Amino acid sequence: MTTTPNPANRAALPIGITMGDAAGVGPEIIARLLGEPGALHPAIVYGDAGVMQKALTLTGLDTRLSVKAVTDIAQAQTVMSPSTVVVVNQHLPLPADVQPGQLNGDAGRAAYEYLCQAIDDALAGHLRAIVTAPLNKAAMQLGGIDYPGHTEILADRTRTRHYAMMLANTELRVILVTIHIPLAQVSPTLSIEKELQTIRLAHDACRQAGIKHPKVAVAGLNPHAGEEGKFGREEIDIIAPAITAARAEGIDATGPWPGDTIFMRARRGEFDIVVAQYHDQGLIPVKYLGVDEGVNVTVGLPFIRTSVDHGTAYDIAGKGLADAGSLRAAFNMAIALTPAAP
């Protein structure tokens, strides 16, 4: 699989939006996004055309938008228009028994297939970026797909070795050293090289966002950043040496800072991004500030991928209640991170 698309003209290409789990709120929020008034950068949906049509009906947008099903990106480019929701799917349509809000293995496997097709098109240089609606890990497992989430699928299919999950909103940027692993495995997983690589990715992500001299703050793992070894040695043996190495490379990295104050300081503007050691340490502060504006960015891929900062929300799926705010933020960030060549 090649990873050599030319980014020079990428800004003119469509955004690929993956439907995610068809039984979740993905189809509805995609419909709401594409139905918003005003100019929207051209986009195509990787998903199921029948489900997308139901979402347009649910949201009352079926009077203004129509669905056109195609099997590949070449067909999609010939039928795109402001009033058409182009749905790309080279696989079989979903069965009729897929119901909103209900766990379904077919929907889980299909979500994986939609994502893989979008990844392949992005690698081939056909997409400006990928924006993903939520999938459901349990549904994927029922469908025979054993991945913990989007990030791992993206890294595996693109053969990306060094990658990280970054969560961002208007007030915070947070990047994770470890992602979807049990808390008990976080400390044994940490290493100086892994820490250093995440600091590098944090620096690069900020530069890509237009920050010329990023200030990277690194959180400690233990309470009070270990209290000079009293509460743990990870800060002394792993995190601090990685920060020293990063600074030797010219990266403005500082820490390790106590986890209970670092996010407040970043929110006040002292830092441009926080390197968090594990999933909940980083995600809780971002999500506390508002799920609707949060964006998930996979850093290190050969293309830009952004995502909503929420799950499939089975409890409200199919009821017409889902808000497209996070998807809109993810779409806008995908555009901001892929500017036109000067």
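Nothing here was measured: the structure is a model prediction, and the numbers come from that model. (Residues numbered from 1 in each chain as written. Predicted model: local features only at pLDDT ≥ 70, side-chain atom pairs only at ≥ 80, totals over all residues. Heavy atoms only, no water.)

### Section: the packing of aromatic side chains
In step 1: Enumeration over the complete set of coordinates arrives at two aromatic pairs.
In step 2: Considering the side-chain rings of Tyr112 and Tyr147, the 6.0 Å spacing of their centres and the 20 degrees angle between planes classify their relative orientation as stacked. One end of the pair, Tyr112, is in helix H4 (residues 105–123); the other, Tyr147, is in the loop between helix H5 (137–142) and helix H6 (150–158), with 35 residues separating them in the sequence. Here the two residues Tyr112 and Tyr147 agree in accessibility, since each one is buried.
In step 3: An angle of 35 degrees between the planes, with centres 6.1 Å apart, marks the rings of Trp257 and Phe271 as tilted. Residue Trp257 is located in strand S9 (residues 252–257), and its partner Phe271 is located in the loop between helix H10 (262–267) and strand S10 (273–276); the two are separated by 14 residues in the primary sequence.
In step 4: Under the relative-accessibility criterion, Phe271 is labelled buried at 9%.
In step 5: The ring of Trp257 has Arg265 sitting right over it, with the charged end atom 4.2 Å from the ring centre. (Phe/Tyr/Trp six-rings, centres within 6.5 Å; stacked < 30°, edge-to-face > 60°. Helix = DSSP H or I, 4+ residues; strand = E, 2+ residues; numbered from the N terminus. Buried < 20%, exposed > 50% of the residue type's maximum accessible area, 1.4 Å probe, protein only. Lys NZ or Arg CZ within 6 Å of the ring centre and 35° of its normal.)

### Examining the sheet that holds strand S6 (residues 164–168)
In step 1: In space, the twelve strands of this open sheet follow the order S3-S4-S2-S1-S5-S12-S11-S6-S7-S10-S8-S9, with mixed pairing throughout. Each of the sheet's edge strands pairs with one partner strand only, and the pair in question is strand S3 (66–70) and S9. Each adjacent strand pair in this sheet contributes to an overall mean axis angle of 25 degrees, direction not counted.
In step 2: Examined bridge by bridge, strand S2 (residues 43–46) and strand S4 (residues 84–88) share two bridges and lie parallel to one another. Its bridge partner lying in S4, Tyr46 is registered against Val88.
In step 3: Sitting on the sheet, helix H11 (residues 279–288) touches S6, strand S7 (173–176), strand S8 (215–219) and S10, and the angle it makes with S7 is about 165 degrees. (Pairing = 2+ DSSP bridges. Axes fitted to C-alpha atoms, helices over the stretch in contact; angles between N-to-C directions. Contact = heavy atoms within 4.5 Å.)

### Thoughts on the environment of Leu94
In step 1: Examined against the element boundaries, Leu94 turns out to sit in the loop between S4 and H4.
In step 2: Looking at Leu94, the relative accessible area reads 14%, which means it is buried.
In step 3: The sequence separation of Leu94 and Val295 amounts to 201 residues, and the corresponding C-alpha distance is 28 Å.
In step 4: The contact partners of Leu94, leaving out residues within four places of it in the chain, are Ala22, Asp48, Val51, Asp106, Ala107, Ala110 and Tyr114.

### Details of the pairing of strand S1 (residues 15–18)
In step 1: Of the two faces of S1, the one holding Ile15 and Ile17 and the one holding Gly16 and Thr18 are both buried throughout.
In step 2: Pairing geometry for S1 and S2, over four bridges, is parallel. Paired with Ile15 across the two strands is Ala43, which belongs to S2.
In step 3: With four bridges joining them, S1 and strand S5 (residues 129–132) adopt parallel strand pairing.

### Structural notes on the nonpolar core
In step 1: Within the largest apolar cluster, 95 residues are counted, with the highest numbers of intra-cluster contacts made by Ile17, Ile30, Met52, Ile175 and Ile199.
In step 2: Per element, the largest residue contribution to this core is eleven residues, and it comes from H4.
In step 3: Discounting chain neighbours no more than four positions away, the residues touching Met52 are Met19, Pro27, Ile30, Ala31, Val45, Val67, Val85 and Val87.
In step 4: Listed in part, the 16 residues of the second largest apolar core include Met165, Leu172, Ala266 and Leu283. (Core = buried A, V, L, I, M, F, W, Y, C linked by side-chain atoms within 4.5 Å.)

### Brief notes about the environment of Arg32
In step 1: By the secondary structure assignment, Arg32 is in helix H1 (residues 26–34).
In step 2: Distance from Arg32 to Tyr314, taken between C-alpha atoms, is 17 Å for residues 282 residues apart in sequence.

### Here's the deal with the pairing of S3
In step 1: Across five bridges, S3 lies against S4 in parallel orientation. Bridge pairing links Ala69 to Val87 in S4.
In step 2: A crossover connection joins S3 to the parallel S4 through helix H3 (residues 73–79); in handedness this β-α-β unit is right-handed. (Right-handed = clockwise from strand over helix to strand, strands pointing away.)

### Here's the deal with the side chain of His41
In step 1: Relative to the elements of secondary structure, His41 occurs in the loop between H1 and S2.
In step 2: Relative accessible area serves as the criterion here: at 19%, His41 is assigned to the buried category.
In step 3: A polar side-chain atom of His41 sits 2.7 Å from the main-chain carbonyl oxygen of Leu13.
In step 4: Among the polar contacts made by the side chain of His41, one reaches the side chain of Arg128 at a distance of 3.4 Å.
In step 5: His41 has contacts with Ala11, Leu13, Pro14, Ile15, Arg128, Phe331 and Ile335, leaving out every residue within four places of it along the chain. (Polar contact = N/O pair within 3.5 Å; in protein donor to acceptor, adjacent residues only side chain to side chain.)

### Here's the deal with the pattern of salt bridges
In step 1: Tallied over the full model, the rule gives eleven salt bridges.
In step 2: As a salt-bridge pair, Arg32 and Glu28 come within 3.0 Å of each other at their nearest N and O atoms. Placement of both Arg32 and Glu28 in helix H1 is noted, with a separation of four residues, approximately one turn of the helix.
In step 3: Connected through salt bridges with shared partners, the residues Glu193, Arg200 and Glu249 form a single ionic network. (Salt bridge = Lys/Arg side-chain N within 4 Å of Asp/Glu carboxyl O.)

### Side note on the environment of Gly101
In step 1: Relative to the elements of secondary structure, Gly101 occurs in the loop between S4 and H4.
In step 2: Take Gly101: its relative accessible area is 26%, and that puts it in the partly exposed class.
In step 3: For Gly101 and Thr78, which are 23 residues apart along the polypeptide, the C-alpha to C-alpha distance reads 34 Å.
In step 4: With near-sequence residues (within four places) excluded, Gly101 lies in contact with Ala23, Tyr314 and Ala317.

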